[in-house]
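Remarks on the overall topology
Letter by letter, the chains look like this.
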Amino acid sequence: MLPPIEDGTTPFTLQPASTYDQHIVGEAVQQSYDASAYNYYASGSSGDSYIGQSQQTSLSDLANVSVSMNRLSLGVSVPISESGVPHTQNPYQYQNSQMDQFYLHQQQLGLVAPQQPLQYHLYTSPLPHVSNLHPHQKTIHAFFMSDKLREELQRKSEAVQQVLDPMSPEFQRLPAELHVYHTFFPLDDQQEKSTKVFGYPNWVYKAFSSLDGKAYCLRRLEGFRLNNEAAITSIEGWRRIRHANVVSVREAFTTKAFGDHSLVFVYDYHPLSTTLLAKHFPPPMHTAPSVPEKNLWTYITQLASALKSIHSAGLAARVVEPSKILVTGKNRIRLNCCGIFDMITYDGGKNTAHFQQEDLLHFGQLIVALACGSLGAVHNLPKSIDYIVRHYSVDLKNVMLYLLTKPSHYKTIDDVITMIGPRILHEINSAHHYNDMLEMELGRELENGRLFRLVSKLGFINERPEFEMDPTWSETGDRYLLKLFRDYVFHQVDEMGAPIVDMAHVVQCLNKLDAGVDEKIMLMSRDEQSCLIVSYKELKNCIDNTFRELLKRR
């Protein structure tokens, strides 16, 4: 064993966290998935020889498929009707979002204070459709990003900043600091820890790094003792993997800070993420409506891309199963928990080729479960494949059968990518459309940044108590004009003396001021004794000259 550092922690990383990429993302974890067949990994089997048919496999060859299915259990068998459609429960039974249920569960356990939701409705909402709007006109909503995107980003920011109640029992049980991480927050929503996947009880926390201040996800394997010091080198290969569909591994270390021998893996944190298991196979029966083919191809394309990157690096994922695949956005998935099996069942990479073949087999089983809407679909393959043939395209059937059967040659992820080539082009097109949409939303906020800079300059100038020993500086010369303009924009009242709160008026005036148009306006003093006629162009010159005067005295 390596000597522990001051807090009982043995670091396994070769580089500090400050050298990592600047990606802040996170994870929410579901542990209820039954994957007991993963226990055979601990035996360190050398792998099977693969002999059989070519890519275009007929339905009559399912005998070999059934033999392969016995190697991995995807869950409890669920009966399938005579029509081949799995029995599903009421889809409206689980309407509440996972995060709302998570907050409620945490509050019931006394871990966090009562949740006070952000007042999202106080922000600008879309106006009714205006059919006679001129091309040069905009509604007020056009100056802000869409409510849905803004609320999603704010919810993620809220999840990142969430901390434990200092008076909660959980806060007292967690270490105040571990290695370079502090402010722990549990991400598990289940008290009973499953050992069926990794063989050890595992816990998941969000914590902040003292090196870069970013939030990371820490997965702790309880009761693990590192017997082979060479196993620490297996994490370095995973630290070099940077892929859009793989949760990045940052480092791993052992620790006694939790009162036992624990192994901790550090991953990127993806706030408000869920898993394929929670999204498509809700408890208790783990059945749900079948995934639409368009969405299923999206998952297949992303997983194939992730496996291509992993296998090309000489590694194997070994976690291609629903509870270890995160859904971090709309149909956006990432392989999670990579590198754990390589360390806890370290074999020096002798069985990597065998595990890569297992990745492809598990990939096929996942497609069957998603297409049939049941984790137990793999236990009744003839009916499951008959259902897929009747409800999905031939391309999907061919990919699934290739992954499940034993070909006459060594299977590779490259063959899968060749088979799904046309679908990849569609996904690229969809990704570009989504990128265009985000750029459009960014463009709206870009204009707000321009106006914010203008308002900031006005704030530096207006009502300044003193400048160059002159207490009346802000009330004379150009500064007085700017003070009257501030009242014209923000402090107008109606005939009854009530404040006029008109966002369109504010945006219009600031845009004209920033452009410096020749349009003239009338400014009136608060005592109504002075009235000045001035153009926006002149006001802009006043701002520029006055602000430069402030900068000269720095």
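Structural data are supplied above this passage.
Rules of the game
- All residue numbers refer to positions counted from 1 along the written sequence of the respective chain.
- Totals for whole chains, interfaces and linings use all residues, but because this is a predicted model, local features are given only for residues with pLDDT of at least 70 and pairs of side-chain atoms are given and counted only at 80 or more.
- Only heavy atoms go into the side-chain values, all of them from the structure, while hydrogens and water stay out.
- Burial classes: relative accessible area under 20% of the type maximum marks a residue as buried, over 50% as exposed, and values in between as partly exposed (1.4 Å probe, protein chains only).
- Secondary structure elements follow DSSP: runs of H or I no shorter than four residues count as helices, runs of E no shorter than two count as strands, and numbering proceeds from the N terminus.
- Regarding the arc, it is the one traced by the directions from the helix axis to the C-beta atoms.
- Two strands pair under a simple rule: DSSP has to find at least two bridges between them.
- Only heavy atoms matter for contacts: two residues are in contact if any of them lie within 4.5 Å across the pair.
- All axes are obtained by fitting lines to C-alpha atoms, using only the stretch in contact for helices, and the reported angles, taken between N-to-C directions, cover 0 to 180 degrees.
- The working definition used for a salt bridge is a side-chain nitrogen of Lys or Arg within 4 Å of a carboxyl oxygen of Asp or Glu.
- Throughout, the term roughly parallel applies to angles under 35 degrees, roughly antiparallel to angles over 145, roughly perpendicular to angles from 65 to 115, and oblique to all others.
- Note on convention: the crossing is left-handed when the near helix lies turned anticlockwise from the far helix by less than a right angle, right-handed when the turn is clockwise.
- Nonpolar residues are Ala, Val, Leu, Ile, Met, Phe, Trp, Tyr, Cys and Pro. Charged residues are Asp, Glu, Lys and Arg, and all others, Gly as well, are polar.
- Centre distance within 6.5 Å is the pairing criterion for rings of Phe, Tyr and Trp, where only the six-membered ring of Trp is used; planes under 30 degrees apart are then read as stacked, over 60 as edge-to-face, and the remainder as tilted.
- For a ring to carry a charge above it, either NZ of a lysine or CZ of an arginine must fall within 6 Å of the ring centroid while also lying within 35 degrees of the normal to the ring plane.
- To qualify as a nonpolar core, a set must consist of buried Ala, Val, Leu, Ile, Met, Phe, Trp, Tyr and Cys residues joined through side-chain atoms within 4.5 Å.

1. A few points about helix H10 (residues 381-391)
Every buried residue of H10 is listed here: Leu381, Ser384, Ile385, Tyr387 and Ile388. End-on view of H10: buried residues confined to an arc of 155 degrees, all on one side of the axis.

2. Focus on the sheet that holds strand E10 (residues 332-335)
Read across the sheet, 3 strands follow the order E8-E9-E10 without closing on themselves; strand pairing throughout is antiparallel. The open sheet has two edge strands, strand E8 (274-275) and E10, and neither has a second partner. Strands in contact with helix H7 (residues 293-312) are strand E9 (325-329) and E10; relative to E10, the strand with the most contacts, it is inclined by about 30 degrees.

3. Notes on the environment of Ala498
Positionally, Ala498 belongs in the loop between helix H14 (477-490) and helix H15 (503-515). On the basis of relative accessibility, which here comes to 31%, the residue Ala498 falls in the partly exposed class. Ignoring sequence-local partners within four residues, the contact set of Ala498 consists of Gln492 and Val493.

4. Quick look at the pattern of salt bridges
Under the criterion given, the structure shown has 17 salt bridges. Arg390 serves as the salt-bridge partner of Asp386, at 3.1 Å between the closest nitrogen and oxygen. Here Asp386 pairs with Arg390, and both are found in helix H10, just 4 residues apart, close to one helical turn. What makes Asp386 partly exposed here is its relative accessible area of 38%.

5. Observations concerning the packing of H7 against helix H11 (residues 394-404)
In contact at an axis separation of 12 Å, H7 and H11 are set at 40 degrees when each is read in the N-to-C sense. If you check the angle between H7 and H11, you find them oblique. Between H7 and H11 the crossing geometry is left-handed. Two secondary-structure elements touch here, H7 through Glu293, Leu296, Trp297 and Ile300 and H11 through Asp395, Leu396 and Val399. Class assignment for the residues of the contact of H7 with H11 results in 5 nonpolar, no polar and 2 charged.

6. A few points about the packing of aromatic side chains
Tallied over the entire structure, the rule returns 11 aromatic pairs. Grouping aromatic residues by their ring pairs yields a cluster made of Tyr181, Tyr216 and Phe253. Just above the ring of Phe185 sits the side chain of Lys206; from NZ or CZ to the centre is 5.2 Å. It is Arg318 that lies over the ring of Phe355; its NZ or CZ is 3.7 Å from the centre.

7. Describing the nonpolar core
Inside soluble globular proteins, nonpolar side chains tend to come together where they are buried. Within the largest apolar cluster, 97 residues are counted, with the highest numbers of intra-cluster contacts made by Leu335 and Phe363. Counting residues in each nonpolar core, the second largest holds 25 residues, with Leu458, Val506, Cys509 and Leu550 among its members.

8. Here we look at unusual backbone geometry
We note that Leu272 has phi near 60 degrees; this positive angle belongs to a residue other than glycine. The topology assignment puts Leu272 in the loop between strand E7 (262-268) and E8. Accessibility expressed as a relative area gives 27% for Leu272, which makes it partly exposed. In this structure, Glu463 takes a positive phi of about 60 degrees despite not being glycine. With respect to the element layout, Glu463 can be found in the loop between helix H13 (421-461) and H14. Residue Glu463 is classed as partly exposed on the basis of its relative accessible area, which comes to 41%.

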